[in-house]
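Here is how the chains run, residue by residue.
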Amino acid sequence: GLDKGVAGLRIAYSPDLGYANVDPSVRKVIDAAAKVFEDLGANVEEKAPGFENPLPIFLTHWGVGAAGALGSLPEIEKTKMEPALREFVEKGREIALSDYSDAMTRRAELCVHMRGFHREYDLLLTPTMAVPAFDVGERSPSNVEDFSDWSPFSYPFNLTQQPACSIPCGFTEAGLPIGL
């Protein structure tokens, strides 16, 4: 129904989900994008959705999934994987069933929490990434080591299986694109 406009929608705007470190150049553009929704008649409130960083839950699910999908490949095939993925598959094989079961419970709790959150809000606006775009062909920004530091806005909603999209909303002063 977004083709009918956003006037009257209840929108939560969370520039950091309550735990992410967001580059100031991204924050500036995202703040302006949230203001556009207000200008179009939406009721926008800055509010974090109220959950802790679910990275441990995600890593458990991702590790078990990677181990299940790739762990039984012949060794010759594993040598073709990026070293970080190969290491992740091996770590995933070591995850205990009790830890996986706990992660499943915590994932379900997060889903229930977000269902309640969306009873109050029609949409949740966040940055797509915590940092400006980085060079094509690079796996991560040069100044950030862990993917969760530059990509904290995707895995929470992969876990909850909520619909999400990223739309261009502006550029940094250096001309790099920012997503909302």
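These remarks concern the structure in this document. Computed from a predicted model, the values in this text were never measured in an experiment.

What counts and how
- Residues numbered from 1 in each chain as written.
- Predicted model: local features only at pLDDT ≥ 70, side-chain atom pairs only at ≥ 80, totals over all residues.
- Heavy atoms only, no water.
- Pairing = 2+ DSSP bridges.
- Helix = DSSP H or I, 4+ residues; strand = E, 2+ residues; numbered from the N terminus.
- Right-handed = clockwise from strand over helix to strand, strands pointing away.
- Buried < 20%, exposed > 50% of the residue type's maximum accessible area, 1.4 Å probe, protein only.
- Contact = heavy atoms within 4.5 Å.

### Looking at the pairing of strand β2 (residues 43–46)
Piece 1. In terms of strand pairing, strand β1 (residues 10–13) meets β2 through 4 bridges, oriented parallel. Paired with Tyr13 across the bridge in β2 is Glu46.
Piece 2. In terms of handedness, the path from β1 via helix α1 (residues 24–39) over to β2 forms a crossover that is right-handed.

### Some thoughts on the environment of Ile30
Piece 1. Along the chain, the position of Ile30 falls in helix α1.
Piece 2. Here Ile30 falls in the buried class, since its relative accessible area comes to 0%.
Piece 3. Expressed as a C-alpha distance, the spacing of Ile30 and Leu180, which sit 150 residues apart in the sequence, is 6.7 Å.
Piece 4. For Ile30, the contacting residues outside a window of four places in its chain are Tyr13, Pro127, Cys169, Ile178, Gly179 and Leu180.

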